[in-house]
Amino acid sequence: MGVIVMPDGVKCSVSNCSFWGQGNNCNADQIMIDIDKHAHQPLDTEFAHGELGADHQDHAKDSSVTCCHTFKPKE
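Note that this is a predicted model, so its numbers are computed, not measured.

Summarise the overall build of the protein chain; cite the residues concerned and give the values.
From N to C terminus, the protein chain includes 0 helices and 4 strands. Sorting the 75 residues of the protein chain into buried and exposed places 15% on the buried side. Here the contacts in the protein chain between residues at least 6 apart in sequence split such that 57% fall between residues at least 24 apart. If you sum the accessible surface of the protein chain, you get close to 6,400 Å²; carbon and sulfur atoms cover 52% of it.

Outline unusual backbone geometry, listing residues and values.
Where the residue is not glycine, phi is negative for most of them; where a peptide bond is considered, it is trans in most cases. Of note, the phi angle at Asn-24 is positive, near 60°, even though the residue is not glycine. Positionally, Asn-24 belongs in the loop between strand E1 (20-21) and strand E2 (25-26).

An account of the layout of surface pockets is needed here, citing residue identities and associated values.
Reported here for the second largest pocket is a volume of approximately 240 Å³. Split into classes, the residues belonging to the lining of the second largest pocket amount to 10 nonpolar, 2 polar and 1 charged.

Definitions and cut-offs
- Residues numbered from 1 in each chain as written.
- Predicted model: local features only at pLDDT ≥ 70, side-chain atom pairs only at ≥ 80, totals over all residues.
- Heavy atoms only, no water.
- Helix = DSSP H or I, 4+ residues; strand = E, 2+ residues; numbered from the N terminus.
- Buried < 20%, exposed > 50% of the residue type's maximum accessible area, 1.4 Å probe, protein only.
- Contact = heavy atoms within 4.5 Å.
- Areas by Shrake-Rupley, 256 points an atom, 1.4 Å probe, with all protein chains shown as cover.
- 1 Å grid on protein atoms, 1.4 Å probe; cavity = no way out; pocket = protein on both sides within 12 Å on 5 of 7 lines; lining within 4 Å.
- Points joined across faces, edges and corners; volume = space filled by probe spheres on them.
- Nonpolar A, V, L, I, M, F, W, Y, C, P; charged D, E, K, R; others polar.

These figures come from the coordinates and say nothing about function on their own.
Below is the structure:
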């Protein structure tokens, strides 16, 4: 699967995120989105056998079961 380029960028309505920009734009260089099932996994540590690594894939029924791990609260 290749990189998908969003012509209008990534939209986000979470205005207390440090990457949030005017017009509901996400200004992060990269984003990590996962299914809610993994929402509380510590993604900054290594996982045995690459459990949630770069090659990990899941399937979501719809957007309501996904979450953005890139969120960083504004200071």
